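Tertiary structure, described
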Amino acid sequence: MEHLEKKLFAKAAIVLSIFRGGAIWTPARRWSGRDAAAATCPWCQHPNASARHFWQDCQQFQRNREDLQRSFKIDANWWAQQPPITSKSGWIT
């Protein structure tokens, strides 16, 4: 992977590093404790646009969740039952 990173622009390399570390950038993470208004969801105006919100609740991604539920026979409650490490990173082990 290192040889690929050398070809990336600096910003892309940072994003790749964050992704490989299992984190995503959300409004809630970016503005934590500094600006509550900036932490709102850009799609549904939920006051805390966290990874958990995108993973489980945001209507913007409801169709994606439903598609995955059908494809992999996942119960609709599955999203809410996942531990924080899964909902924050999206990694399923």
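Residues numbered from 1 in each chain as written. Predicted model: local features only at pLDDT ≥ 70, side-chain atom pairs only at ≥ 80, totals over all residues. Heavy atoms only, no water.

1. So, the overall build of the chain
The number of helices and strands found in the chain is seven helices and zero strands. A buried classification covers 24% of the 93 residues belonging to the chain. Partitioning the intrachain contacts of the chain with sequence separation of at least 6 by distance along the chain shows that 33% fall at a separation of at least 24. Summed over its atoms, the accessible surface of the chain is roughly 7,200 Å², and 58% of this surface lies on carbon and sulfur atoms. (Helix = DSSP H or I, 4+ residues; strand = E, 2+ residues; numbered from the N terminus. Buried < 20%, exposed > 50% of the residue type's maximum accessible area, 1.4 Å probe, protein only. Contact = heavy atoms within 4.5 Å. Areas by Shrake-Rupley, 256 points an atom, 1.4 Å probe, with all protein chains shown as cover.)

2. Details of the pattern of salt bridges
For the structure shown, the criterion picks out one salt bridge. Asp-67 is the salt-bridge partner of Arg-70, the closest N and O atoms lying 2.5 Å from each other. Of the two residues, Arg-70 and Asp-67 both sit in helix H5 (residues 62-72), three residues apart, roughly one turn of that helix. With a relative accessible area of 58%, Arg-70 lands in the exposed category. (Salt bridge = Lys/Arg side-chain N within 4 Å of Asp/Glu carboxyl O.)

3. What to know about the side chain of Gln-69
Of note, Gln-69 is situated in helix H5. Given the relative accessible area of 16%, Gln-69 is considered buried. Contacts of Gln-69, omitting those with residues within four sequence positions, involve Ile-74, Asp-75, Ala-76 and Trp-79.

4. Some words on unusual backbone geometry
Despite not being glycine, Gln-45 shows a phi value in the positive range, around 65°. Relative to the assigned elements, Gln-45 resides in the loop between helix H3 (27-30) and helix H4 (51-57). With phi around 55°, Lys-73 is a residue other than glycine that occupies positive phi space. Of note, Lys-73 is situated in the loop between H5 and helix H6 (78-81).

5. Regarding the packing of aromatic side chains
A full pass over the atoms with the stated rule returns six aromatic pairs. Residues Trp-43 and Phe-54 carry aromatic rings whose centres are separated by 5.7 Å and whose planes lie at 70° to one another, so their mutual orientation is edge-to-face. Of the two residues, Trp-43 is situated in the loop between H3 and H4 and Phe-54 in helix H4; the sequence distance between them amounts to eleven residues. Residue classification places Trp-43 among the partly exposed positions, given a relative accessible area of 46%. Residue Phe-54 is classed as buried on the basis of its relative accessible area of 15%. Taken together through their ring pairs, the aromatic side chains of Trp-43, Phe-54 and Phe-61 make up a single cluster. (Phe/Tyr/Trp six-rings, centres within 6.5 Å; stacked < 30°, edge-to-face > 60°.)

6. Examining the side chain of Ser-50
Along the chain, Ser-50 falls in the loop between H3 and H4. Ignoring sequence-local partners within four residues, the contact set of Ser-50 consists of Thr-26 and Ala-28.

7. Description of the confidence of the model for the chain
The pLDDT averaged across the chain works out to 78; a share of 71% of its residues lies at or above 70. When mean pLDDT is taken per element in the chain, H5 scores highest with 94 and helix H1 (residues 2-5) scores lowest with 53. (pLDDT = per-residue confidence, 0-100.)

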